[in-house]
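Listed below, chain by chain, are the residues.
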Amino acid sequence: MITPMHALVLASTIGAVDESAYYKVDHLVAPPGCVAEVGGMDFLPDRRLVVSTRRGQVWIIEDALAPDPAAAKFTLFAEGLREGLGLTVVDGVIYVMQRQEISRLLDTDKDGRCDRIETVCDSWGLSTNYHEFGFGLPRDAAGNFYISLNVGFGSPLWWHGVSYEPWRGWVCKIAPDGSLTPFASGFRSPCGIALNAAGDLFVTDNQGDWVPTSSIAHVEQGKFYGAPASLKWTGAYRETNTEPSLTNPVATPRTPPAVWIPYGWSRSTGDLAPFPARGGFLPFGPDQLAVAEMTNGAVLRADLEKVNGKYQGAIIPFRKDVGSAIRTKFAPDGTLMLGLTNRGWGGRPPGYGIGRVRTTGRIPFEITHVTLIDDGFQIAFNEPLVVGTKIAADDVLLRRHHYDWWWEYGSPERDRRVLPVDSIEIAPNRKSVTLHASQLECGEVATVLLPELMSQGGEPLLHREFAYTINEMLGGPCAQPIARVAPPPPARESEEQGWLRLCYGDAFQLWQGDGWKLVDVDLDAADPTKLATREGVNALVGPESGSSAFACKLPFGDVRLSFDFLLPKDGRAVLRLMDRYDVLLAATPDERATTLASCGAILPGPGFAGVAPDNPCFRAPGEWHGMDLTFRAPRFDASGKKIANARLVHVMVDGVLVHDEAEFPGPSNGEAGDEVAEAPFSFRVLQGRVALNSIRAKPTEPDAGGDDWATLVFDEELTGWKPSKLKAHEDDGELTLDGGLGAMTTEREDFGDVEIAFRAKVAAGTVARVWLRAAPRGMGDAGKPGDASKSSSFDAESKGYAISLNADSPDAPFMGSLVGGTSDKRLAPPYTVQLVAPETWAWVRASVKEESGGTRVRIRVNDVEVVNALNNDPQRPKRGMIALELEHDGSRAVFQNLRWRPAQ
């Protein structure tokens, strides 16, 4: 939700000085076949590392701290668990947080394998919702465990968090006897949970509805932290048998997090751990927390203090390029161990495994502590500034912002502005500076960027920026929270509205390309110019360069395209629009000056020099990037003469503007043929390999109106339709069908060459069909009249032509398929790719018309022709009814603008 270009600027300052000079990063080498998507980590008394994984395994690792990461020896201790997203060792016994319980894993025969699993506690609810993760397991001095429980995702329109079962969205305490106490509420996706050195409990939460950006909360018993779904299980709601609104602010008082993390610094925050007191990462100590960040592949540092008795403080960069970190654990020797997993979400590579961050022995020059004062900050360093250092007020950039507390997914940084710095004072010992800013207020996040500074020992300031959460000033409580009640965002349709999902479900039905495979993919650890694949379903990966293109079978004209791509070091590929116009996908560095070799460049053609991207957009090899572009096809007059060039209206990569109104005077190099109004697009590898995911297309939705169209829904009495046992309700042009198996049919039974158009959406699990030339009962083959007395209802055995409106049910062909009443296998095969999401409007247009050789059937979905088939079965009816059918109980389909006309 952050402004795209601002996110880039904010993130660009992180790690501007080479961090590897101070903190080296390596990764343990796991045995072949071990996909260690780590969910929990701890050490046994003998210093062996224990990890639990998302895939339900527990590994014990010897020599995890050896200088050579390849020396680590992995032994499988247990498997068959359900998402081990938390682990702790108590007196040599391993405890694992599974989705449904805390488990004690025992090795009773001492053979090195778990042979007994005991349930410690399972007193929380679990539905079938995929998002109900459970995290843990810090343990306090009294022997209590703490866990944090995700809400489910309920709304396909807004991804609202829903607490389907008890204590979802809560932090809970589990006593040594296994009894559960609901501890605190108001969380959405609390991935990280830990105790600090003082024994206080902290939890990280992730951006979404009612959570404007990732945060770190000091969790106290009985407090509510802002996400309302969990309040369902409080006494106030249970006593009244009500539920909190998912869209209106609740009245329950909120406790703010101690730290709000800017979105550019963390998009998926994980675990946190106090720095060791000695032997590890000087100059930091146990009063600060190392915070895992998955998407950017980084570790942040939380520097907290108490103001008016409440925690708040600064977040500071620490180490980037560590991999998809969600777990942190300091080893006995002070090494920072990182558990990596991206679960297909697109974090920084490596996407799984165990990372290690160690000091090189060279101590960096760093900000050690930020202290809030009455009118600014005191900023302490671990070494004195070089003699003669001067800092002017204008040398320091001070910005502030706040957030919306609302039901939208995340929040922009509101009222973002630069504040004047009144003065800067350098302490006599040169180990701190004091920043005075009289306009600084509470209820804001203040971001400070210092100038480039040097220590007395000649070290540059490693990290110059911090973001401080000002919940309160020294004078007392703040009247305005940082996350403020805001007017609700405007109503909208599904985020999938108008999109065709081109590789969802069956990833290959709409594509052709030799050698392309559906796999999981990572950057090859041994050779970063290559991609390593393994069994999985998260990426479409082609063979080496020079192989066949990955080409879509559907033709497009004006279209918006969205897809994710991943490249190795030096990898290069192109998106070829309409088989003619090339946009470069390249693993180029994040340079300031862009060229035709930069990612996003429009490649040249005959008499066309090409266009360099407006801004650099490629972050790192092995990391997923998202491209979103709007393309306008060339225009032609009635004689076929081109009257307007093809153009890119805009191109964005990860929110960064790459092109705005860029034209193609002609095709790019390497493609012959005249320009056309519609054609497929493809991906072609130039160097290395490329991985793709989430390919979607959004054509221009046409107007289904016109004077030559007649409506099929006339009024609230559904005039023109026969009575049906289906529940049919017409409201202002919108027709809803539910009530189970059945159909409603037109009174007219003589529709022959006919074309229909409508908008429709179906609920999850629904199988619906729209029939053309559906034969009434008693009408024989070829549409000849039979027993008229039986012609009052729809014949389910009709040999008419039906369009499937199924979005996700595996028991029937998906949206746009030509199905029903046919034994002719030469017709278009049913779709096994889920083109349209549930609860999402799709524009459908279909026709049947007699021509030489048979009956031509055409179906368009969102203005893309998905079926063009010729049927020559003489037994098919030549006329019949139009019918709307539901295939089973629990189905619901909604129609708008249902119209017909004679086939053109």
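Everything below is about the structure shown above.
Reading the values: rules and limits
Position numbers for residues count from 1 along each chain, tracking the sequence in the order it is written. Where local features are concerned, this predicted model is filtered to residues with pLDDT of at least 70; where side-chain atom pairs are given and counted, the filter is 80 or more; whole-chain, interface and lining totals use all residues. Where side-chain values are given, they derive from all heavy atoms of the structure, hydrogens and water being excluded. Here a cavity denotes a set of grid points, spaced 1 Å apart and computed over the protein atoms alone, in which a 1.4 Å probe fits but from which it cannot get out, and a pocket denotes an open set meeting protein on both sides within 12 Å along at least five of seven lines; residues with an atom within 4 Å of a point are reported as lining. Grid points are joined across faces, edges and corners, and a volume is the space filled by probe spheres set on the points. Throughout, the ten residues Ala, Val, Leu, Ile, Met, Phe, Trp, Tyr, Cys and Pro are labelled nonpolar, Asp, Glu, Lys and Arg are labelled charged, and all others, Gly among them, are labelled polar. By definition, no residue in a patch forms a salt bridge, and every one has over 30% relative accessible area; like charges are joined within 9 Å, nonpolar side chains (Val, Leu, Ile, Met, Phe, Trp, Tyr) within 5 Å. To be clear on the numbers: accessible area is Shrake-Rupley with a 1.4 Å probe, and residue cover counts the displayed protein chains and nothing else. A pair is scored as a salt bridge if a Lys or Arg side-chain nitrogen falls within 4 Å of a carboxyl oxygen belonging to Asp or Glu. Numbered from the N terminus, helices here are DSSP runs of H or I no shorter than four residues, and strands are runs of E no shorter than two. The buried label applies to any residue whose accessible area, calculated with a 1.4 Å probe on protein chains only, is under 20% of its type's maximum; exposed applies above 50%, and partly exposed to all values in between. In this description, contact between two residues means that some pair of their heavy atoms is separated by no more than 4.5 Å. Residues belong to a common nonpolar core when they are buried Ala, Val, Leu, Ile, Met, Phe, Trp, Tyr or Cys residues joined through side-chain atoms within 4.5 Å. Strand pairing is assigned whenever DSSP identifies at least 2 bridges connecting the two strands. Centre distance within 6.5 Å is the pairing criterion for rings of Phe, Tyr and Trp, where only the six-membered ring of Trp is used; planes under 30 degrees apart are then read as stacked, over 60 as edge-to-face, and the remainder as tilted. Any Lys NZ or Arg CZ found within 6 Å of a ring centre and within 35 degrees of that ring's normal is scored as a charge over the ring. Criterion for a disulfide: a pair of cysteine sulfur atoms at a distance within 2.5 Å. Polar contact criterion, stated in full: a pair of N or O atoms within 3.5 Å, where within protein one must be able to donate a hydrogen and the other to accept it, and residues adjacent in sequence count only if both atoms are side-chain atoms.

A. Highlighting empty space enclosed by the protein. This structure, assessed with the given rule, holds 4 cavities of 30 Å³ or more. The space that makes up the second largest cavity amounts to roughly 50 Å³. In terms of lining residues, the second largest cavity is bounded by Val151, Gly161, Phe187, Arg188, Asp209, Trp210, Ala227, Pro228, Ala229 and Leu246. When grouped by side-chain class, the residues that make up the lining of the second largest cavity number 7 nonpolar, 1 polar and 2 charged.

B. Representation of a nonpolar patch on the surface within the structure. On the surface, Phe508, Leu518 and Val537 cluster together into a nonpolar patch covering about 240 Å² of accessible area. Tracing the backbone through its elements, the reader meets Phe508 in the loop between strand S36 (500-501) and strand S37 (511-512). Exposure remark for Phe508: the relative accessible area of 31% places this residue in the partly exposed category.

C. Looking closely at the environment of Phe636. Structurally, Phe636 is set in strand S45 (residues 635-636). Here Phe636 is in contact with Lys641, Lys642, Ile643, Glu675, Val676 and Ala677, once residues within four sequence places are set aside.

D. Looking closely at the nonpolar core. Counting residues in hydrophobic clusters, the biggest one holds 96 residues, and the most contacted among them are Leu502, Phe631, Ile695 and Leu805. Ranked by residue count, the leading element in this core is strand S55 (residues 754-762), at 5 residues. With near-sequence residues (within four places) excluded, Leu805 lies in contact with Phe758, Ala760, Val762, Ala768, Val770, Met815, Val844 and Phe895.

E. Quick peek at the sheet that holds strand S14 (residues 170-174). Read across the sheet, 4 strands follow the order S10-S11-S14-S15 without closing on themselves; strand pairing throughout is antiparallel. Of all the strands in the sheet, the pair left with one neighbour each is strand S10 (134-135) and strand S15 (180-185). Across 2 bridges, the pairing between S10 and strand S11 (residues 145-149) is antiparallel. Residue Phe135 lies in a different strand from S11, and its bridge partner there is Ser148.

F. Spotlight on the packing of aromatic side chains. Under the defined criterion, the tally for this structure stands at 32 aromatic pairs. Plain terms: the ring middles of Phe556 and Phe681 are 5.7 Å apart, the flat faces sit at 50° to each other, and that makes the pair tilted. Placement of Phe556 in the loop between strand S40 (550-552) and strand S41 (559-566) and of Phe681 in the loop between strand S48 (656-664) and strand S49 (682-687) is noted, with a sequence separation of 125 residues between them. On the accessibility criterion, Phe681 (3% relative accessible area) is buried. On the numbers, 6.1 Å between centres and 50° between planes, the contact of Phe563 with Phe565 is tilted. Owing to a relative accessible area of 0%, Phe565 belongs among the buried residues under this scheme. One aromatic cluster is present, formed by Phe508, Trp511, Trp516, Phe550, Phe556, Phe563, Phe565, Phe681 and Phe683 through successive ring pairs. Sitting over the ring of Phe751, Arg748 keeps its end group 4.4 Å from the ring centre.

G. Geometry of the pairing of strand S22 (residues 298-307). Taking burial as the measure, the 10 residues of S22 include 9 buried ones, the bulk of the element. Relative to S22, strand S21 (residues 288-293) is paired through 6 bridges, and the arrangement is antiparallel. Pairing of Leu289 across the sheet is with Ala302, part of S22. In sequence, S21 turns back onto S22 through a hairpin of 4 residues, with Gly297 there showing a positive phi of about 65°.

H. Broad picture of the state of the cysteines. Applying the stated rule across the entire model yields 1 disulfide. Put simply, Cys442 and Cys478 are joined by a disulfide, and their sulfur atoms are 2.2 Å apart. Taking the sign of the S-S torsion, about 85° here, the bridge from Cys442 to Cys478 comes out right-handed. With a gap of 36 residues between them, Cys442 in the loop between strand S32 (432-436) and strand S33 (444-449) and Cys478 in the loop between strand S34 (465-470) and strand S35 (483-485) connect regions that are remote in the sequence. The exposure class assigned to Cys478 is partly exposed, which follows from its relative accessible area of 21%. Cys121 forms no disulfide, and the closest cysteine sulfur to it belongs to Cys172, at a distance of 8.2 Å. Here Cys191 is not cross-linked by a disulfide; its sulfur's nearest cysteine counterpart is in Cys172, at 16 Å. For Cys191, a relative accessible area of 9% translates into the label buried.

I. Structural view of the sheet that holds strand S56 (residues 768-774). Taken in spatial order, the 5 strands line up as S54-S62-S56-S57-S58 in an open sheet, and their pairing is antiparallel. With partners counted over all chains shown, the strands left at the sheet margins are strand S54 (742-745) and strand S58 (818-819), one partner each.

J. Main features of the environment of Gly86. Relative to the assigned elements, Gly86 resides in the loop between strand S5 (73-78) and strand S6 (87-90). Classification of Gly86 by relative accessible area gives buried; the value is 0%. Residues Gly86 and Met41, 45 residues apart in the sequence, show an inter-C-alpha distance of 7.2 Å. Ignoring sequence-local partners within four residues, the contact set of Gly86 consists of Gly39, Gly40, Ser52, Tyr95, Val96, Met97, Gly136 and Leu137.

K. Structural view of the pairing of strand S25 (residues 336-341). Buried residues dominate S25, accounting for 6 of its 6 residues. Alignment of strand S24 (residues 325-330) against S25, held across 5 bridges, turns out to be antiparallel. In the sheet register, Arg327 faces S25, and the bridge partner there is Gly339. Here S24 folds back onto S25 in antiparallel fashion, the turn holding 5 residues, of which Gly334 has a positive phi close to 95°. For S25 and strand S26 (residues 352-359), the ladder comprises 6 bridges, and the chain directions are antiparallel. Within S26, the residue paired with Gly339 across the bridge is Ile354.

L. Fine view of the environment of Arg319. Mapping Arg319 onto the fold places it in strand S23 (residues 310-319). Take Arg319: its relative accessible area is 8%, and that puts it in the buried class. The spatial distance from the C-alpha of Arg319 to the C-alpha of Arg696 is 35 Å, given a sequence separation of 377 residues. Apart from the residues lying within four places of it in its own chain, the contact partners of Arg319 are Glu19, Ser20, Tyr23, Lys24, Val25, Ala298 and Val299. One polar contact links the side chain of Arg319 to the main-chain carbonyl oxygen of Tyr23, over a distance of 2.9 Å.

M. Structural view of the layout of surface pockets. When its volume is computed, the second largest pocket comes out at roughly 910 Å³. As for the second largest pocket, its lining consists of 31 residues, of which His27, Pro350, Leu523, Asp524 and Ala525 are closest to the centre. Listed by contribution, the elements that provide at least two residues to the lining of the second largest pocket are strand S1 (23-27), S26, strand S38 (517-523) and strand S39 (531-541). Among the residues forming the lining of the second largest pocket, the class breakdown is 20 nonpolar, 6 polar and 5 charged.

N. The side chain of Asn806, seen in detail. Its location among the elements puts Asn806 in the loop between strand S57 (801-804) and S58. By relative accessible area, which is 0% here, Asn806 ends up buried. At 3.0 Å, the side chain of Asn806 forms a polar contact with the backbone oxygen of Ala812. A polar contact is formed between the side chain of Asn806 and the backbone oxygen of Pro813, at a distance of 3.3 Å. Residues contacting Asn806, with those up to four places away along its chain left out, are Thr766, Val767, Ala768, Ala812, Pro813, Phe814 and Met815.

O. Molecular detail of the pattern of salt bridges. Under the definition given, this model contains 47 salt bridges. As a salt-bridge pair, Asp42 and Lys329 come within 3.3 Å of each other at their nearest N and O atoms. Remark: Lys329 occurs in strand S24 and Asp42 occurs in strand S2 (residues 38-43); sequence separation between them is 287 residues. Overall, the relative accessible area of 8% leaves Asp42 in the buried class. In this structure, Asp708 and Arg901 form a salt bridge, with 2.7 Å as the shortest nitrogen-oxygen distance. Of this pair, Asp708 sits in the loop between strand S50 (691-699) and strand S51 (710-711) while Arg901 is found in strand S63 (residues 892-902), placing the two residues 193 residues apart along the sequence. The buried category is assigned to Arg901, whose relative accessible area is 10%.

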